[in-house]
Amino acid sequence: METTEAFEPFSQRNDIFTRAFWDASVRSKQTDAFFDSYRMKASYRKGDGFRQKDFALRNASWLISDIISDRSAAQGKREGFQAPIACDTDVAETREEIDDPVAMASELKRVARFFGADLAGITDMDDRWLYSARVDVRDFSETDNDLPEGLTSVIVLGHQMDKDLVATYPSALAGAATGREYSHEAAIVIQLAAYIRNLGYEAIPSMNDTGLVIPYAVKAGLGEYARNQLVITPEFGPRLRFSKIFTNLPLAHDIPEKPGVAAFCDICTECADACPAKALPFGPPGESAPDDSSAITGVRKWTSDAKACFGYWAKLQSDCAICMRVCPFNRDFDSWADRLWLKVALSRWRKWALWWDKRSDRAKRLKPRDWWAGP
């Protein structure tokens, strides 16, 4: 991502989810109810996708992530969200000698896939994307964002969200697609970090904490940033969650590419058109607005209205990813037709690919009751 002279590292206290606990301009009865709904206090409705069993599946999908994130709350640390995940494995006293960082990177990606990651990329330790401060969740004050000295690489892992569940957005049921991947990634980053530490190297497992994962994912060559604020990958489109590991294991770094997603987004506004909160931008990328405390300053990119977006989430009592569902890149690339579409979309014939997408029923919402009914 391109930074300007106005760039300032981002303090995690200002992300919209953290502000919902301390900022009176964001916090409301609705936002409190949103967080409570993940603790079996949801307002069940008769509406399809918001019944008790929909919330039940969503909340159950978060369970492993919740166990990890809650275990150090008494010390002011919400692991994986407002603090890195604590390491349960010591660094081995004997260090495996790494003579070939390229071979080691390939081996590490194989291990990541073995543990369950769908994608893996590696980039350098870029301090720009570290939070300037993390958050003490006891009083939501800023505290030091400390990492061990000498870390050189960031391993970024992609975790595919269930395509059929994503098709049911907006619904509480669809939130299970998000929760399942947070639970998956919590386990995967802990295991992969333990593997590295057993080799004798430092490894800090991380989800939403410590630094901004999207810039690292882009730098690690996993995809390209899009108008909908998501990373578009050639394997799964936007349908991914990302996690990361900070390490000093000698690793070759991947080279980021720009296959043409941004050029497609320049002519496409399907996500912005579909956003019920009108939170997504229609124009070209620009510097983040300096008066929006939930947007990083001095980065030239598409930027959403985080307050409007989260306000809609609070109204639903669940997350919303309509922008993911309607994105033309949200496809099954195992299909030859979708692989052909991708090739056209990333070429100079992108306008024809957009025309093709608009005339398909690809983005049609799947009714939650139809998901429950099965194939």
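Now for a description of the structure that goes with this document. (Residues numbered from 1 in each chain as written. Predicted model: local features only at pLDDT ≥ 70, side-chain atom pairs only at ≥ 80, totals over all residues. Heavy atoms only, no water.)

1. Some thoughts on the overall build of the protein chain
Stage number 1. Looking only at helices and strands, the protein chain features 15 helices and 11 strands.
Stage number 2. The C-alpha atoms of the protein chain give a radius of gyration of 20 Å, which matches the 21 Å a tight globule of 375 residues would have.
Stage number 3. The C-alpha extent of the protein chain, read off along each of the three principal axes, is 60 × 50 × 45 Å.
Stage number 4. Taken over 375 residues, the protein chain has a buried fraction of 53%.
Stage number 5. Pairs at least 24 apart in sequence give 77% of the contacts found in the protein chain among residues at least 6 apart.
Stage number 6. In the form shown here, the protein chain has an accessible surface area of approximately 17,400 Å², with 52% of it arising from carbon and sulfur atoms.
Stage number 7. The centroid of the 49 positive side-chain charges in the protein chain is displaced by 9 Å from the centroid of its 54 negative side-chain charges. (Helix = DSSP H or I, 4+ residues; strand = E, 2+ residues; numbered from the N terminus. Rg over C-alpha atoms; globule rule 2.2 N^0.38 Å. Buried < 20%, exposed > 50% of the residue type's maximum accessible area, 1.4 Å probe, protein only. Contact = heavy atoms within 4.5 Å. Areas by Shrake-Rupley, 256 points an atom, 1.4 Å probe, with all protein chains shown as cover. Lys, Arg positive; Asp, Glu negative; His and termini not counted. Charge placed at Lys NZ, Arg CZ, Asp CG, Glu CD.)

2. Considerations on the pattern of salt bridges
Stage number 1. One pass over the structure, following the stated rule, counts 20 salt bridges.
Stage number 2. The salt bridge involving D48 is made with R51; its shortest N-O contact spans 3.5 Å.
Stage number 3. Accessibility expressed as a relative area gives 28% for R51, which makes it partly exposed.
Stage number 4. Here K109 makes a salt bridge to D254, at a shortest N to O gap of 2.9 Å. Here K109 is found in helix α5 (residues 101–115), whereas its partner D254 is found in the loop between β9 (240–247) and α9 (261–267), with 145 residues between them in sequence.
Stage number 5. The class for K109 is buried, based on a relative accessible area of 18%.
Stage number 6. The structure contains a network of salt bridges with shared partners spanning D48, R51, D54 and R369. (Salt bridge = Lys/Arg side-chain N within 4 Å of Asp/Glu carboxyl O.)

3. Here's the deal with the environment of A20
Stage number 1. By secondary structure assignment, the location of A20 is in helix α1 (residues 16–22).
Stage number 2. Here the alpha-carbon distance between A20 and A177, two residues 157 residues apart in the chain, equals 23 Å.

4. Some remarks on the environment of K29
Stage number 1. With respect to the element layout, K29 can be found in helix α2 (residues 29–36).
Stage number 2. It is 9.0 Å that separates the C-alpha atoms of K29 and A314, two residues lying 285 residues apart in sequence.

5. So, the sheet that holds β9
Stage number 1. Strand order in the open sheet formed by four strands is β2-β5-β9-β6, and the pairing between neighbours is antiparallel. Since the sheet does not close on itself, it has two edges, and those belong to β2 (119–124) and β6 (203–206), each with one partner. Across the sheet, the mean angle from the axis of one strand to that of its neighbour is 20 degrees, orientation sign disregarded.
Stage number 2. With eight bridges joining them, strand β5 (residues 153–160) and β9 adopt antiparallel strand pairing. Among the inter-strand pairings, I155 is bridged to a residue of β9, identified as I245.
Stage number 3. Helix-sheet contacts for α5 involve β2 and β5, and the interaxial angle to β2 is about 140 degrees. (Pairing = 2+ DSSP bridges. Axes fitted to C-alpha atoms, helices over the stretch in contact; angles between N-to-C directions.)

6. Some remarks on the state of the cysteines
Stage number 1. What the rule picks out here adds up to zero disulfides.
Stage number 2. Of all cysteine sulfurs, the one in C268 lies closest to C271, which takes part in no disulfide; the gap is 6.4 Å.
Stage number 3. Note on C271: relative accessible area 7%, which makes it buried. (Disulfide = S-S within 2.5 Å.)

7. A closer look at the nonpolar core
Stage number 1. I155, L157 and L249 are the most contacted members of the largest nonpolar core, which totals 48 residues.
Stage number 2. Counting residues per element, the ones that place at least two in this core are α1, α5, β2, β5, α7 (175–198), α11 (306–316) and α12 (322–326).
Stage number 3. For L249, the contacting residues outside a window of four places in its chain are I98, M104, L108, T152, S153, I196, L199 and Y201. (Core = buried A, V, L, I, M, F, W, Y, C linked by side-chain atoms within 4.5 Å.)

8. Some thoughts on the sheet that holds strand β11 (residues 299–301)
Stage number 1. Strand order in the open sheet formed by three strands is β1-β11-β10, with antiparallel pairing between adjacent strands. This sheet does not close on itself; its edge strands, each paired only once, are β1 (2–3) and β10 (286–287).
Stage number 2. Across two bridges, the pairing between β1 and β11 is antiparallel. Each residue of the ladder has a partner; that of E2, found in β11, is R300.

9. Topic: helix α3 (residues 52–61)
Stage number 1. Along α3, the positions that sit buried rather than exposed are D54, F55, R58, N59 and S61. Taken down its axis, α3 places every buried residue within 160 degrees of arc, on the same side.
Stage number 2. Packed against the buried residues of α3 are α4 (63–70), α7 and α15 (368–373). (Arc of directions from axis to C-beta.)

10. Remarks on the packing of helix α13 (residues 336–345) against helix α14 (residues 350–358)
Stage number 1. In contact at an axis separation of 7 Å, α13 and α14 are set at 140 degrees when each is read in the N-to-C sense. In terms of orientation, α13 and α14 fall into the oblique class. Two secondary-structure elements touch here, α13 through A337, L340, W341, V344 and A345 and α14 through R350, W352, A353, W356 and D357.
Stage number 2. Here the residues of the contact of α13 with α14 sort into eight nonpolar, no polar and two charged. (Parallel < 35°, antiparallel > 145°, perpendicular 65-115°, else oblique. Nonpolar A, V, L, I, M, F, W, Y, C, P; charged D, E, K, R; others polar.)

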